[in-house]
Amino acid sequence: MTAACTAAAPGSPNPAAATTPDPALAQFYDQHLSWGPCEPFAQTESARTAFADPKFDCARLEVPLDYAAPDGERAEIGVIRQKAQGPGPKVGSLLTNPGGPGVSGMSALASLVSSGAGSGPVAQRFDLIGFDPRGVGASTPAIDCLDDPEWDAERADLDVDPSPAGVAQTEAENKEYVERCVSRTGVDVLANVGTRDAVKDMDVLRAALGDPKLNYLGYSYGTRLGSAYAEAFPGNVRALVLDGALDPTQSTVDRVVAQNAGFQGAFDAFATWCSQQATPCPLGQDPKQATTVFQALVRPLIDKPIPTGDGRQLGFGDAQTGVSQALYLSQLYPLLSQGIAGLARNDGSILLRLADFYYDREADGRYANTLEAFTVIGCVDEERITDRAEAAEVNRRAIEAAPFRDPGRGVVAALDQCAFWPVPPTSQPHVPQVEGLPPTLTISVTGDPATPFQAGVDLAKALGGSLLKVQGNQHTVALQGDACVDDIVSSYLVDLTVPAEGAECKLSA
């Protein structure tokens, strides 16, 4: 991709004093990581292949399961590292998180390195660090709610019946989901896997890596980890890059509605692109009619899924998930066009493959715990809706914001899993208190479907930091090959040079 960007201006050092850890946690802060081969950490076949690369080494970080009881049960955090490539002096370690919540930071770091970030200016000066947040991936104890057959059944269960019987059935299934999480994971684990505890793990990891200050690159939900860390440990921050931001002040309801609006915007952008191609667009040549055409293609799948040629079938839920997965990145538009064209031919193979990618399903039918962790962490992080009238209003507003996702059966007023959660939330929306925080860099893409642009504007303001506006259609962009963005990110991380006010980059179409 080609891009245009603005000049940068110098930043300033951190004036805040470092946060002194609780003496009761000294055993964790003083630990030395034992690095070794990464293959034993792999949770999937694709990770096993990636982790076999000798450029990586891995370790386990010990942390208390409950920070209020540091002498009690312990948890282990999986960590992967690519050492700084040189030849210049090493600045330190750069912790990264890919978001979710629930995505493996170890696998994401390996993917980021293989896509080119492993040899650029940042990789020259930093040890690149990925970690699986507590409960996720290789970290233990692991979040576990569904086995593989139960996941297949969960994906096939649409929950689109708005009748009282349909609502009762949906809520019974959601209660059962929670019961499985409790029995297979444990209430003590469920109570301590939120962002509140993950950022404490990050500070222990910073110390174990030998860094006096944290350098961090967080994507999507990873920006929540970054802003929460900034509030908990402002004096321990050297540099924060927050890409694809969550607004820490935004309510859960407003975030759900805004995200749905973001995906509708991405769908409309795809429809416009599709109508301009030489090959006829499967949604027609009028982008204004694309949502209606898509609804006509996808709604019949509610009652009659179509075969995919491998003994499986594509239903309405997986079709919607596959489309949304492709909307994260404009480079996937050609594949999405093929997938939607397949619907008209009763071929659901492409959209099902895209949905499998979202669900972290291997070809052999095994699932990572990504989506289970997404639900569990969200339930302890987010505000809970326990009133059916409010649940109905949220669903109504979400459908109104993203009509391409509307199943056309009416608003379902069922409470979700979080309404039945057995432990209280550990976070709530608020303006972060970050006095003494050094200059930070927030990146926001104008056409980001999952974390709309305005959230990045609001986060940068909340942290008193710099904003890089990126014109384009994708979810997150840092260290992903765009020269304009990567130059600004590299200058900030290496030299603490922040971009000038009003800085912009533009991604190629």
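One can find the structure itself at the top, above this paragraph.
Residue numbers here run from 1 along each chain, matching the order of that chain's written sequence. With the structure being a predicted model, the display of local features is reserved for residues of pLDDT at least 70 and the display and counting of side-chain atom pairs for 80 or more, all residues being used for whole-chain, interface and lining totals. Note: side-chain values were computed over all heavy atoms of the structure, leaving out hydrogens and water.

Chemist: For this particular structure, what's the right way to read the state of the cysteines?
Modeler: Throughout, a disulfide means two cysteine sulfur atoms within 2.5 Å of one another. On inspection of all chains with the given rule, the structure shows five disulfides. Paired by a disulfide, cysteine 145 and cysteine 181 hold their sulfur atoms 2.0 Å apart. Between cysteine 145 and cysteine 181, the disulfide has an S-S torsion of 115 degrees and is therefore right-handed. Highlighted residues: cysteine 145 in the loop between β5 (126–131) and α5 (148–156) and cysteine 181 in helix α6 (residues 164–185), separated in sequence by 36 residues. Three labels apply to residues, based on accessible area from a 1.4 Å probe with only protein chains included: buried if under 20% of the type maximum, exposed if over 50%, partly exposed otherwise in between. The class for cysteine 145 is buried, based on a relative accessible area of 0%. What makes cysteine 181 buried here is its relative accessible area of 0%. A sulfur-sulfur distance of 2.1 Å marks the disulfide that ties cysteine 274 to cysteine 281. Disulfide cysteine 274 to cysteine 281: torsion about the S-S bond roughly 110 degrees, handedness right-handed. Secondary structure elements are defined from DSSP: runs of H or I of at least 4 residues count as helices, runs of E of at least 2 residues count as strands, and each element is numbered from the N terminus.

Chemist: How should the pattern of salt bridges be read in this particular structure?
Modeler: Pairs can form between side chains of opposite charge once their charged atoms are near each other. Salt bridge, as used here: a side-chain nitrogen of Lys or Arg that lies within 4 Å of a carboxyl oxygen of Asp or Glu. Under the definition given, this model contains 28 salt bridges. Glutamate 150 is the partner of arginine 184 in a salt bridge, and the nearest nitrogen-oxygen pair spans 2.7 Å. Here arginine 184 is found in helix α6, whereas its partner glutamate 150 is found in helix α5, with 34 residues between them in sequence. Residue arginine 184 is classed as partly exposed on the basis of its relative accessible area, which comes to 35%. For glutamate 150, a relative accessible area of 17% puts it in the buried group. One connected set of salt bridges, linked through shared partners, spans Glu45, Arg48, Asp364 and Arg366.

Chemist: What am I meant to see in the packing of helix α10 (residues 252–275) against helix α11 (residues 290–298) here?
Modeler: What describes two packed helices is the angle between their axes and the distance between those same axes. Orientation is described by axes fitted as lines to C-alpha atoms, over the contacting stretch for helices, and by angles from 0 to 180 degrees between their N-to-C directions. Running from amino to carboxyl end, α10 crosses α11 at an angle of 100 degrees, the nearest separation of the two axes being 10 Å. Classified by the angle between their axes, α10 and α11 sit roughly perpendicular to one another. Contacts between α10 and α11 involve Gln264, Phe267, Asp268 and Ala271 on the former and, on the latter, Ala290, Thr291 and Phe294. Considered class by class, the residues forming the contact of α10 with α11 number four nonpolar, two polar and one charged. Roughly parallel here means an angle under 35 degrees, roughly antiparallel means over 145, roughly perpendicular means 65 to 115, and every remaining angle is called oblique. Every residue pair with non-hydrogen atoms within 4.5 Å of one another is taken to be in contact. Three classes are used, and their members are as follows: Ala, Val, Leu, Ile, Met, Phe, Trp, Tyr, Cys and Pro are nonpolar, Asp, Glu, Lys and Arg are charged, and the others, Gly among them, are polar.

Chemist: Please explain the packing of aromatic side chains as it appears in this structure.
Modeler: In summary, the pairing rule links any two rings of Phe, Tyr or Trp, Trp by its six-membered ring, whose centres are within 6.5 Å, and it sorts them by plane angle into stacked for under 30 degrees, edge-to-face for over 60 and tilted for everything else. What the rule picks out here adds up to 11 aromatic pairs. Where phenylalanine 267 meets phenylalanine 294, the ring centres are 5.4 Å apart and the plane angle is 55 degrees; that geometry is what we call tilted. Taken together, the positions of phenylalanine 267 in helix α10 and phenylalanine 294 in helix α11 put the pair 27 residues apart, joining distant regions of the chain. As far as the burial class goes, phenylalanine 267 and phenylalanine 294 line up, both buried. With a centroid separation of 5.4 Å and an interplanar angle of 90 degrees, the aromatic rings of tyrosine 358 and tyrosine 359 are classed as edge-to-face. For tyrosine 358, a relative accessible area of 29% gives the class partly exposed. Taking relative accessible area as the criterion, tyrosine 359 reaches 14% and is therefore assigned buried. Clustering of aromatic rings is evident, with ring pairs tying together Trp151, Tyr358, Tyr359 and Tyr367. A cation over a ring is seen here: lysine 55 above phenylalanine 56, with NZ or CZ 5.7 Å from the ring centre. The ring of phenylalanine 263 is capped by arginine 405, whose NZ or CZ atom sits 4.4 Å from the centre of that ring. In our convention, an over-ring charge means Lys NZ or Arg CZ found within 6 Å of a ring centre and within 35 degrees of that ring's normal.

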